[in-house]
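# Breakdown of the fold
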Amino acid sequence: MTARTLAAWIGKRALGAVLTVLAASILIYGALRLVPGDPVLALTAGRRLTPEQIEAVRHRYGLDQGFLQGYLGWIGDALRLDLGTSFNYQTGVTSLITGRLGVSGLLVAYSAVLAIGFGTAVALVSAVKGGLVDRLASVAASVTTATPTFVAAIGLLALFSAGLGWFPATGAGDGFADRLWHLTLPAVAMSIAAFGVLARVGNAAFAEELGREHVEVARSRGAGGAAVIRRHVVRNALGPLLTVAGLLVASLFVGSAVVETAFGLDGVGSLLVSSVSRQDFPVVQGIALIAVLLFVTVNTLVDLALPFIDPRVTVGGLGR
Amino acid sequence: MTLTIPALRARSARRRRRRPLGLVLAAAFLLAVTLTGLLAPVLAPRSPDATSLLDSLAPPGTAGHLLGTDSTGRDVLSRLMYGARLSLIAPLGVVLLSGTAGTVLGLLAARAGGWVDAVLSRGMDIVFSFPSLLLAMLVVAVSGPGLLAPICALAVGYTPFVGRVVRSAAMQEGARPYMESYRVMGFGEPWVAVRHLLPNILPMLVAQSALAFGYALTDLAALSYLGLGVRPPAADWGSMISQAQSAILQGAPWSGLIPGLAVLLTVVSVNVLGEHLGGSIGRKREGA
């Protein structure tokens, strides 16, 4: 592949991602317009406002303009990092979100490390050992894949907080070590389903590489098992693992809504849930936009990284 | 993604040799849950809403309360049986809606081709880039809590999940000679698609719908758990777990763990069933 085709391909993927985010942002903005009746009633959700305030709300959301103009105003402000003002907190949505990013970011990173670390390890060990270990791992993967995050959360709460008292049930803690300790149960709850998916996909990918002729030949000729596995099996199985891991990490962000609520953490996810139930639409729109942006960005980056990690994946899917 | 698919196929090929026990257990469990939901008024030992503060937080096994009571003394077994109704009907609604829409759009995209296919495929990709739970929350923010709005939102969210599979299956099937011969015989396109193409991709459609049912059940239960789904006094398993949160911290976890287990086992069973259906299609394909 030449540098030019590569650049063209990257440009095409990036453009596709931007278009997807734009379309999603129209959907997010349009949800408000889909409400039967006056959108202001949904926006203000029964709060008593003076006619001037209602007029201000109309103006702020561009409801006194056409759909296109209103949307352009909203997305224009969003591009300048101004996501509007919360009805409930009366402060800027952007600062509400950034103030909570610390907890949520650490939580997502923590659970991603747990899911990817344990998922790949279990996948590799079960694929190499086979037999009973493989079967047990397969059952464990099936069950954990199907475990809803909130069920995992209350199970962990019941066992390790209320039952054994090893971990705190609520709060995010102060200082780094204390925070990690507080976030351990939430991170485990969030990572359980992702762990199951990675263990399954990883096991399948590793098993396929293990069954290849060059691996079997290398092992039968007495080449060191660990070296063969590292050089031929793990490296070649990285592609599918990375694709799935990207999808899962992006979905962890949404899972944080459930976990942060269950464990009483003050993060972006719990802000989303409380804003949805209070119909604090500016906050919901802002978080939804950021979530979709993250989701699309992570998946695009993974797609772009694949040909560099695995030379068998050709640019643009040609030649395979 | 090109690498994932053969990997998954290798996996199911190894699995195929042993299947019956898990499959039988899954089918039996789903049948039992469906029947208890249908017959809840007959089977439930008590009214699901009868509170009795004297009996609150009775542990499972207490006389008269086989699975114990919750913090307001309501019988967990009775609530579980009644809760099965909404917990199963709501995702069924999602699957029927998204299955119909996905089939129509997928067939249309595959058979029409050209710009229709391009627009539909791109649209499905965009909806697919939206996490379904987020879509549901967005709609609830507008409509307020309740199940109807999230059911519709999830139906939209899962349409590409079905539609993309139907599209690619219909593309493969449509390239076979028998399809061309029907067209040569002068049958209209919609007739051929519905009468001859659809039956051939039906097993795959059912398998995909089973997986979607599990996802929808999880999403809807999560919404109810967050207080954004079912509105009290109506209850599903998710709202039961939500109401049990404080009891769990008081060391009386059964009123939350039991409905949680019900959700988990139902989703596992549906997945096992869906995987078996998907696997048997693969077997048929390879045999052909």
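The rules behind each value
Residues numbered from 1 in each chain as written. Chains lettered and ligands numbered in written order. Predicted model: local features only at pLDDT ≥ 70, side-chain atom pairs only at ≥ 80, totals over all residues. UniProt positions renumbered as here; feature names shortened; annotations may be inferred. Helix = DSSP H or I, 4+ residues; strand = E, 2+ residues; numbered from the N terminus. Expected span 1.5 Å × (residues − 1). Buried ≥ 20, exposed ≤ 12 C-beta atoms within 10 Å, placed from the backbone. Arc of directions from axis to C-beta. Contact = placed C-beta atoms within 7 Å.

You'll find chain B entered in an unreviewed UniProt entry as Glutathione transport system permease protein GsiD, with Actinomadura macrotermitis given as the organism. Recorded in UniProt under Sequence similarities (unreviewed entry), the annotation for chain B is "Belongs to the binding-protein-dependent transport system permease family."

Chain A is annotated in an unreviewed UniProt entry as Glutathione transport system permease protein GsiC from Actinomadura macrotermitis. What the UniProt record of chain A gives under Sequence similarities (unreviewed entry) is the line "Belongs to the binding-protein-dependent transport system permease family." The record held by UniProt for chain A lists under Subcellular location (unreviewed entry) the comment "Cell membrane".

Residues and elements named next belong to chain A. Look at helix H6 (residues 131-145): 21 Å from first C-alpha to last across 15 residues, which is about the 21 Å you get at 1.5 Å a residue. Burial in H6 covers these residues: Ala141, Thr144 and Thr145. Buried residues along H6 cover an arc of 95° about the axis, so they all sit on one side. H6 presents Leu132, Arg135, Leu136 and Val139 as exposed residues on the side facing more than 90 degrees away from its buried surface. Buried residues along H6 sit against helix H8 (176-210).

Glancing now at the UniProt feature "transmembrane region" (unreviewed entry) in chain A. Residue and element names in this part refer to chain A. When the UniProt feature table is mapped onto this chain, "transmembrane region" (unreviewed entry) is found at residues 14-32, 107-127, 139-160, 180-202, 238-263 and 283-302. For residues 238-263, the end-to-end C-alpha separation is 34 Å, with 96% helix and 0% strand making up the annotated structure. Secondary structure content for residues 283-302 is 100% helix and 0% strand, and the end C-alpha separation is 29 Å.

Now for the interface of chain B and chain A. Taken together, the contacts link 45 residues of chain B with 51 residues of chain A. Secondary structure elements with two or more residues in the side of chain B that touches chain A: helix H1 (4-15), helix H5 (114-128), helix H6 (132-143), helix H9 (189-225), helix H11 (245-249) and helix H12 (254-287) of chain B.

Moving on: the environment of Ala28(B). Along the polypeptide, Ala28(B) turns up in helix H2 (residues 20-38). Measuring from C-alpha to C-alpha, the distance between Ala28(B) and Gly106(B) comes to 32 Å, with 78 residues separating the pair along the chain.

So, on to the UniProt feature "transmembrane region" (unreviewed entry) in chain B. Residues and elements named next belong to chain B. Per the UniProt record, "transmembrane region" (unreviewed entry) is found at residues 21-44, 88-110, 122-141, 147-166, 205-228 and 248-274. Within the segment residues 122-141, helix and strand shares are 85% and 0% respectively, and the terminal C-alpha atoms sit 27 Å apart. Secondary structure content for residues 248-274 is 85% helix and 0% strand, and the end C-alpha separation is 33 Å.

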